Amino acid sequence: MSLHDDTVLVLKGYEGQDELRQYYLDHLAAHPADGMWKSCTDGHVTASALVVDPSRGRVLLTLHKKLRMWLQMGGHCEPGDPTLAAAALREATEESGMPGLTLLAGGPVRLDRHPIPGPCTQHLDVQYAALAPSDAVEAISDESLDLRWFGYDEVAGVADESVVRLMEATRARL
């Protein structure tokens with residue numbers, strides 16, 4: 001099964017955000033060859049994961065190098081990604097430097113469509129949550145200026161509304 005086909009199945013099984021979910025499905029139907037890839041200037045699907053440590057009530061955020069914003073781990077799908085979930089887990093592992101992350105059961109936690117600087121116009125982000133092992137130690141990647149743990153109550157003070165909504169949806173799922 002292709003990554004495109006897997007993503008369509010994931011989205012069809014996702015419950016909630018019906019209008020946005022349909023927008024993603026329509027986009028993929030209109031862009032069967034490139035809707036998953038950075039080369040699609042009409043927008044493309046991305047995969048992200050909020051790294052969470054529920055036992056300590058905190059999330060790990062990255063200070064994005066280009067955007068200079070505190071965000072969850074995530075980014076572009078790659079041809080070697082067998083599934084959308086694998087893409088999200090790969091991104092979370094690469095950007096956090098933490099081996100042993102596991103995705104929270106139940107599939108994506110949220111969808112978030114946001115504009116980006118050209119030539120592409122938008123990211124259609126499929127957002128997961130990843131559980132950090134109890135002994136995990138983060139390591140800053142080349143894509144980050146910083147990594148930092150924030151308590152649940154601190155996130156709204158440092159991150160934008162999309163990260164806050166992702167954290168709230170993750171906590172509800174936990």
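Just so it is clear, the model here is predicted, and its values are computed rather than measured.

Definitions and cut-offs
Residues numbered from 1 in each chain as written. Predicted model: local features only at pLDDT ≥ 70, side-chain atom pairs only at ≥ 80, totals over all residues. Heavy atoms only, no water. Helix = DSSP H or I, 4+ residues; strand = E, 2+ residues; numbered from the N terminus. Rg over C-alpha atoms; globule rule 2.2 N^0.38 Å. Contact = heavy atoms within 4.5 Å. Areas by Shrake-Rupley, 256 points an atom, 1.4 Å probe, with all protein chains shown as cover. Lys, Arg positive; Asp, Glu negative; His and termini not counted. Charge placed at Lys NZ, Arg CZ, Asp CG, Glu CD. Phe/Tyr/Trp six-rings, centres within 6.5 Å; stacked < 30°, edge-to-face > 60°. Buried < 20%, exposed > 50% of the residue type's maximum accessible area, 1.4 Å probe, protein only. Lys NZ or Arg CZ within 6 Å of the ring centre and 35° of its normal. Pairing = 2+ DSSP bridges. Core = buried A, V, L, I, M, F, W, Y, C linked by side-chain atoms within 4.5 Å.

1. Digging into the overall build of the protein
Per the secondary structure count, the protein includes five helices and eight strands. The secondary structure elements of the protein, listed N-terminal to C-terminal, are α-α-β-β-β-β-α-β-β-β-β-α-α. Rg of the C-alpha trace for the protein: 15 Å, near the compact-globule value of 16 Å for 174 residues, within the 12% margin. Summarising its shape, the C-alpha atoms of the protein cover approximately 45 × 30 × 30 Å along the three principal directions. At a minimum sequence separation of 6, the contacts of the protein that also span at least 24 residues come to 67%. Accessible surface for the protein amounts to roughly 8400 Å². Of this, 53% is attributable to carbon and sulfur atoms. Here the protein contributes 15 positively and 26 negatively charged side chains, and the mean placements of these two sets differ by 3 Å.

2. With respect to the packing of aromatic side chains
Counted by the stated rule, this structure contains one aromatic pair. Their ring planes at 75° and their centres at 5.0 Å tell us that W70 and F150 sit as a pair that is edge-to-face. A residue pair is termed long-range when its members are at least 10 positions apart, and W70 in strand β3 (residues 70–71) and F150 in strand β8 (residues 144–151) qualify at 80 residues. In this structure, W70 and F150 share a single accessibility class: buried. Looking at R113, its charged tip hangs above the ring of Y23, at a distance of 3.8 Å from the centre.

3. A few points about the environment of G80
Tracing the backbone shows G80 in the loop between β4 (73–76) and α3 (84–96). Separated by 77 residues in sequence, G80 and L3 place their C-alpha atoms 9.0 Å apart.

4. What to know about unusual backbone geometry
In this model, Q17 sits at a positive phi of 50°, which is unusual for a non-glycine residue. Tracing the backbone through its elements, the reader meets Q17 in the loop between α1 (3–13) and α2 (18–30).

5. Structural notes on the pairing of strand β7 (residues 122–131)
Of all the ten residues making up β7, nine are buried; the element is thus mostly covered by neighbouring parts of the structure. Sheet analysis places strand β1 (residues 44–53) next to β7, joined by nine bridges and oriented parallel. Within the sheet, the bridge partner assigned to V45 lies in β7 and is L124. As judged from the two bridges shared by strand β5 (residues 102–103) and β7, these two strands associate in the antiparallel manner. Each residue of the ladder has a partner; that of T102, found in β7, is L131. The pairing of strand β6 (residues 110–115) with β7 spans six bridges and is antiparallel. What sits directly across from P115, in β7, is Q122. Connecting β6 to the antiparallel partner β7 that follows it, the hairpin turn spans six residues.

6. Comments concerning the nonpolar core
Nonpolar side chains tend toward joint burial in soluble globular proteins. Counting residues in hydrophobic clusters, the biggest one holds 29 residues, and the most contacted among them are V51, L84 and V126. Contributing elements (two or more residues each) for this core: α1, α2, β1, α3, β7 and β8. Once residues lying within four places of it in the same chain are set aside, the contact partners of V51 are R58, V59, L60, M73, A92, M98, L101, A130, A132 and W149. Formed by 18 residues, the second largest nonpolar core is a distinct cluster that contains L61, A129, F150 and V164.

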